[in-house]
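Letter by letter, the chains look like this.
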Amino acid sequence: MTATHTLRVPGAQLHYEVRGAGPLLLIMGSPMEAEAFASLADALASDHTVVTHDPRGISGSTLDDPDEDTLPDRRADDVAAILDALGADTADVFGSSGGAVTGLALVARHPDRVRTLVAHEPPVMEILPDAAEQRAKTEDIIETFHKEGQGAAWMKFMAVAGFVTEDGESAESSEGGEGGEGGENAPDGPFGEPTEQDLANGARFFGHDLRGTARYVPDIAALTAAPTRVLVGVGAESQGLITYRTSTVLAELLGTRPVEFPGDHAGFLGDPKGFAEALRNTLTS
């Protein structure tokens, strides 16, 4: 059974869900909402209390000011508030893509709240040698959204991420239907017929979330000094993706080796049970 909750935080009302029993595990994305992680959460609920949520401004988590730009630090404070609402001092955290960036900010800002962070393919472009080029590509995506709309912006986003080529053909790493954050309907990709909520989430992502996430600079000193065990996850089939590059560079900066998970950037969508087992093993190793 899944219990749904709302929580008032500064500037927003958050939607979060709780299922299962056992050690507390938070699973999060950005812009992916709680629903996208339902299959993974169900697969883990037999031995974990799993908490998922909609990031502020996405789906059921509404903002007081719809024009607010959301930064990872603000999202991290929201997660800490959810822990407070649960009466939990600490939790394990799995973050995917932008949710992995949220997790990195959470450890930096609230280091005593996270036991283990698994940051799965965070798009931390600023740590790459070609950060200036990647920053320009992000700005071009945002400008394309404002001038040409979501369809054109998603195609550029997917090409930069490595899921499709510049002419729109599928790249090898996105074969098999998994896609990334994402390969399905907006806000997780340009394919399929988006709902009104998908379109609203996509507009939020391009208009107010993408820049802050892509420009986030991980605080390596804070991450290494924290009592948290920080692990960087990569997909076994993600070699052609920009997030494979960011993940391997981040792991090197942290003095660790990446932990491999099934599939590509969103392997938990294609094989939630296999992904859940890999995550269990990682948390207990």
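Numbering of residues begins from 1 in every chain and follows the order in which that chain's sequence is written. Local features in this predicted model are restricted to residues whose pLDDT is 70 or higher, and side-chain atom pairs enter the listing and the counts only when it is 80 or higher, whereas totals over whole chains, interfaces and linings include all residues. Here the side-chain values reflect all heavy atoms present in the structure, with hydrogen atoms and water set aside.

Asks: It is not clear to me how the overall build of the chain should be interpreted in this structure. Could you clarify?
Replies: Across its full length, the chain holds 10 helices and 9 strands. Computed over C-alpha atoms, the radius of gyration of the chain comes to 17 Å, within 12% of the 19 Å expected from 2.2 N^0.38 for 285 residues, which places it in the range of a compact globule. Structurally, the chain occupies a C-alpha span of about 45 × 40 × 35 Å along its principal axes. We call a residue buried when its accessible area falls under 20% of the maximum for its residue type, exposed when it is over 50%, and partly exposed in between, using a 1.4 Å probe and counting protein chains only. Split into buried and exposed, the 285 residues of the chain put 56% on the buried side. Here the accessible surface of atoms and residues is derived via Shrake-Rupley with a 1.4 Å probe, and residues count as covered only by protein chains that are part of the display. As displayed, the chain has an accessible area near 11400 Å², and 49% of this comes from carbon and sulfur atoms. Secondary structure elements are defined from DSSP: runs of H or I of at least 4 residues count as helices, runs of E of at least 2 residues count as strands, and each element is numbered from the N terminus. When we talk radius of gyration, it's over C-alpha atoms, and the globule rule is simply 2.2 Å times the number of residues to the 0.38.

Asks: Help me understand helix H6 (residues 196–214), please; the structure alone is not making it clear to me.
Replies: Along an α-helix, residues three or four positions apart point the same way, because every turn accommodates 3.6 residues. If you check H6, its first and last C-alpha atoms are 25 Å apart, about what 19 residues at 1.5 Å a residue would give, namely 27 Å. To get the bend at any residue, fit one axis to the seven residues that end at it and another to the seven that begin at it, then take the angle between the two axes. At His208, H6 shows its largest bend, some 50 degrees. For H6, the complete set of buried residues consists of Asp198, Asn201, Gly202, Arg204, Phe205, Phe206, Gly207, Asp209, Leu210, Gly212, Thr213 and Ala214. By the convention used here, residues are in contact when the closest approach between their heavy atoms is within 4.5 Å. Close packing links the buried residues of H6 with strand E5 (62–63), helix H2 (72–86), helix H3 (98–109), helix H4 (131–148) and helix H5 (150–161). Each helix should span, by expectation, one fewer than its residue count multiplied by 1.5 Å.

Asks: What is the right way to read the pairing of strand E1 (residues 2–9) from this model?
Replies: Looking along a regular strand, one sees side chains alternate from face to face of the sheet. As judged from the 8 bridges shared by E1 and strand E2 (residues 12–20), these two strands associate in the antiparallel manner. In the sheet register, Thr2 faces E2, and the bridge partner there is Arg19. Each pair of strands is called paired provided DSSP finds at least two bridges between the two strands. Taken together, E1 and the strand that follows it, E2, pair antiparallel across an intervening segment of 2 residues, in which Gly11 is found at a positive phi of about 80 degrees.

Asks: So what exactly am I meant to see when it comes to the packing of H4 against H6 here?
Replies: Packed helices, taken two at a time, are described by their axes: the angle between them and the distance between them. Between N-to-C directions, angles cover 0 to 180 degrees, with each direction set by a line fitted to C-alpha atoms, over the stretch in contact for helices. Put simply, H4 and H6 touch, their axes get as near as 10 Å, and they point 165 degrees apart. Looking at the two axes, H4 sits roughly antiparallel to H6. Both H4 and H6 take part in a crossing whose hand is left-handed. Every residue of H6 that contacts H4 at Thr138, Glu139, Ile141, Ile142, Phe145 and His146 is listed here: Ala203, Phe206, Gly207, Leu210, Arg211 and Ala214. Oblique is the label for any angle not under 35 degrees, not over 145, and not in the 65 to 115 range, which are roughly parallel, roughly antiparallel and roughly perpendicular in turn. Should the near helix be turned anticlockwise from the far one by less than a right angle, the crossing is termed left-handed; should it be turned clockwise, right-handed.

Asks: Teacher, can you tell me more about H5 here?
Replies: The terminal C-alpha atoms of H5, which comprises 12 residues, lie 16 Å apart, in line with the 16 Å expected from a rise of 1.5 Å per residue. Considered for burial, the residues of H5 that qualify are Gln150, Ala153, Trp154, Phe157, Met158 and Ala161. The arc that holds the buried residues of H5, viewed along the axis, is 130 degrees, so those residues lie on one side. Contacts made by the buried residues of H5 are with H4, H6 and helix H8 (242–254). The directions considered for the arc run from the helix axis to the C-beta atoms.

Without other data, these values stay purely geometric and don't point to any function.
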